[in-house]
Structures are given as structure tokens and as C-alpha cells.
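Structure at a glance
If you want the building blocks of each chain, they are given just below.
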Amino acid sequence: MAGTALVVGASGIVGSATAALLVEEGWTVHGLARRSVQQTGVLPVAADLQDPAGTASALGAVKPDVVFITTWLRQDSEAENIRVNAAMVRNLLDALRAGGSPRHVALVTGLKHYLGPFESYGKGTLPQTPFREEQGRLDVENFYYAQEDEVFAAAARDGFTWSVHRPHTVIGKAVGNAMNMGTTLAVYATLCRETGRPFTFPGSAAQWNGLTDMTDARLLARHLLWAATTPAAANEAFNVVNGDVFRWSWMWSRIADWFGLEPAAFDGTVRPLEQQMADDAPVWRRIAEREGLAEPRLDRLASPWHTDADLGRPIEVVTDMSKSRRLGFTAYQPTDDAFFDLFARLRADRLIP
């Protein structure tokens, strides 16, 4: 059941994967980003969602059946995250209303719904795992909740259905993305190989020893499309992860082996990547120039602060997918293959040597 889609955040990890899948499935796809990017089969729309008038002008001729919201802007505090990101969703949906509202709006948030925002990530009373959708909101400010409330309010006003999608850490390819563990680890491994430094797990003992899961951007794209075209999935929130679980004590050696490295022994000490990679920008530029890589700026590829936040958590994080399974979504993606597929794409695109 193809139609017309608007992918908001089309240049990001989730947005680019979603746009690619929709094109493959025969949809007419408009891809909105602050700076328009060229994607095969995607009609670019350049708009800053913080600008209501500019957003309305850019979307004046776009009349999507389904909208996929896959973007957010990180601010210096959660209060600012709430103000800015709620306004972006509101401005978007207000702009689309003028031409007739969409049939369905899908919003991508994440497991911070259960863990709390970065300011209080994994602190205080820790939530019960595995995470299930019926677990209520935390009694804490969270921009995910503000984004949801904007979608809910517009749906009640305009009559469209909605879905909320809560992935764990997303594995996928995008340059300049603020939260990109897969590329960050690829760059870190490359730097370790270049400098002879040990390939050291940066996170906590709880993460090293405990169970966890992740979300491949391609699987998340399939989940978004499934929810948008499955009547039983309307007006529901869903967790979405790959379907396997692993321990970093196993995955770390798998990643090391892909890069031809010997993983360093883990002694339980947290060694954040933000510290380990603090002085690596000139080293990366030297590698990029020597190897003819496409992106010489380390800060355009690696987001060590985000990887540290995930790998430093004091609890294991596993996510229940029963709700989606019961409604018929059965896609599965082994997480080690997701990493390896990404690393191969980064190498093919000359982003790592």
C-alpha cells in the first residue's frame, strides 16, 4: 500500500534508512532536512522546523499520507530540549494542516522514555527490565514526552492516527549525526589500530557483563512502515529492537576482530571515550588525508559523549518486543551482523580505511 510520505530528518541515521526503504517499496518520498541532501529517489525539502513561517512555506505543496518524524535537536538542558523539540513537532504538524492533515504520523523517540533524559540518565530509581510499553512515564522532565504530547494534541484536533517507536541505540550510517555508536566505535577502532593504543571498552561493568540489545536502522525503518500500514498498530506505542540479546564482553571481541585488533582486558574501570578520544582530531585528519577518506573531521563522524552515556549505564538494558510480535511484526536482525554491515558500508564509502 504505497503512498506519499514525508520523512522528517531525512539526512539522519533513521530518516535516511526510512526514506530508502520507502523508495524501494514504491512510495513517493519527500525528505525534509535543515539542509537538503541528495538521496536516490527522494524529493528534497529544506526547512528549519524552529521557523514556523519557513516550515509552512517549504511544505506548502507537500501533501503526505504518512509523516515519519525521526529528528531532534540537542540543547544544553532538558528544559531547552523540551522547548525546542516540542516546538519543532508543533510547527511541522501545524504547517501540514493547511494542506489537509496526513493519515498517519509516526514519531521516533527511544528508551530514554524509560531511563530518563541525559541529565538523569540511569540515576535515581532504576526502572524494571525488560522494558515494556505499558510502563508509565517517569516523574521527570523529558522531551520525548513533550514530543508525544504535541503529536497526541494534533491527532485529536486533526483526526490522523499515530504511532510512537522506541528503539534502543540505533546502528546505521549518517555523517554529522549527534548519536552514532556504530560509526563512533569504527572510528575508535581505527584510531587504536593507527596509534597502537589498546582497544579498551569504555563503559561500566554492568554493561560489560549484563545483557543488552540494539536497533538496526533498517529494521526500525521496516517497523515504521509496518505500523503506518497496519490498522491494528494505529494509536499505539512500540518498543523496537533487533530481537537478539548479547553481552558487551562478547560483542567487544567481535568488533575488535573485524578491525584486526586484540581487545584489551576489562578490569571494571570506566574509561570514557570522550577522554580517550579528546586529542584525536589531528590524528584522524592525518589518517583521512593519507587514505583519501571522505570526512577528515572527527567530530562529524564520532559522538563519544553519546556512546559513553549508553555504555556507562549502571544496569543491563533489555527490551520486550511482545507487543509488536503479537500484532504481526516478526523482522529480526542479529546485532553483530548489523555492526559488520555498517563497518563494510563505511569502508565502501571511504569514511574509514
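Refer to the preceding data block for the structure.
Here goes a summary of the coordinates provided. (Residues numbered from 1 in each chain as written. Predicted model: local features only at pLDDT ≥ 70, side-chain atom pairs only at ≥ 80, totals over all residues. Heavy atoms only, no water.)

This paragraph deals with the overall build of the protein. Counting secondary structure elements, the protein contains 14 helices and 11 strands. Relative to the 2.2 N^0.38 estimate, which gives 20 Å for 353 residues, the radius of gyration of the protein is 20 Å and therefore close to what a compact globule would have. In terms of overall dimensions, the protein has C-alpha extents of about 60 × 45 × 35 Å along its principal axes. Residues classed as buried in the protein amount to 56% of the 353 residues present. Split by element, the accessible area of the protein, about 14,300 Å² in all, is 48% carbon and sulfur. Of the side-chain charges in the protein, 34 are positive and 41 negative, and the distance between the mean point of each set is 2 Å. (Helix = DSSP H or I, 4+ residues; strand = E, 2+ residues; numbered from the N terminus. Rg over C-alpha atoms; globule rule 2.2 N^0.38 Å. Buried < 20%, exposed > 50% of the residue type's maximum accessible area, 1.4 Å probe, protein only. Areas by Shrake-Rupley, 256 points an atom, 1.4 Å probe, with all protein chains shown as cover. Lys, Arg positive; Asp, Glu negative; His and termini not counted. Charge placed at Lys NZ, Arg CZ, Asp CG, Glu CD.)

It is the contact of helix α3 (residues 78-97) with helix α5 (residues 143-158), at a shortest axis distance of 8 Å, that shows an interaxial angle of 25 degrees. Looking at the two axes, α3 sits roughly parallel to α5. When you trace α3 past α5, the crossing you get is right-handed. Where α3 abuts α5, its residues Glu 78, Asn 81, Ile 82, Asn 85, Ala 86, Val 89, Arg 90, Leu 93, Asp 94 and Arg 97 lie against Phe 143, Ala 146, Gln 147, Glu 150, Val 151, Ala 154, Arg 157 and Asp 158. Tallied by class, residues from the contact of α3 with α5 come to 8 nonpolar, 3 polar and 7 charged. (Axes fitted to C-alpha atoms, helices over the stretch in contact; angles between N-to-C directions. Parallel < 35°, antiparallel > 145°, perpendicular 65-115°, else oblique. Left-handed = near helix turned anticlockwise from the far one by under 90°. Contact = heavy atoms within 4.5 Å. Nonpolar A, V, L, I, M, F, W, Y, C, P; charged D, E, K, R; others polar.)

Counting through the fold element by element, Ile 69 comes out in strand β4 (residues 66-69). We classify Ile 69 as buried; its relative accessible area is 2%. For the pair Ile 69 and Thr 335, spaced 266 residues apart in the sequence, the C-alpha separation amounts to 24 Å.

Moving on: the nonpolar core. Counting 41 residues, the largest nonpolar core has Phe 199, Trp 248, Ile 255, Trp 284 and Phe 339 as the members making the most contacts within it. Sorting the residues of this core by element identifies α6 (181-195), α9 (248-258), α11 (281-291) and α14 (335-348) as the ones contributing at least two each. Residues within four places of Phe 199 in sequence aside, it is in contact with Tyr 188, Ala 189, Cys 192, Trp 252, Ile 255, Ala 256, Leu 261, Glu 262, Pro 263 and Ala 264. The next biggest cluster of nonpolar side chains, apart from the first, holds 34 residues, and it includes Ile 13, Ala 17, Val 170 and Leu 219. (Core = buried A, V, L, I, M, F, W, Y, C linked by side-chain atoms within 4.5 Å.)

This part takes up the sheet that holds strand β6 (residues 161-167). Sheet strands line up and pair through hydrogen bonds in the backbone, either parallel or antiparallel. Spatially, β3-β2-β1-β4-β5-β6-β10 is the arrangement adopted by the 7 strands of the open sheet, whose pairing is parallel. Each of the sheet's edge strands pairs with one partner strand only, and the pair in question is β3 (42-46) and β10 (236-240). Averaged over all pairs of adjacent strands, the angle between their axes in this sheet comes to 20 degrees, without regard to strand direction. Judged from the 5 bridges that link them, strand β2 (residues 28-33) and β3 form a sheet pairing that is parallel. For Ala 33, the partnering residue across the bridge sits in β3 and is Ala 46. Those strands touched by α5 are β4, β5 (104-108) and β6, and its axis lies near 165 degrees from that of β6. (Pairing = 2+ DSSP bridges.)

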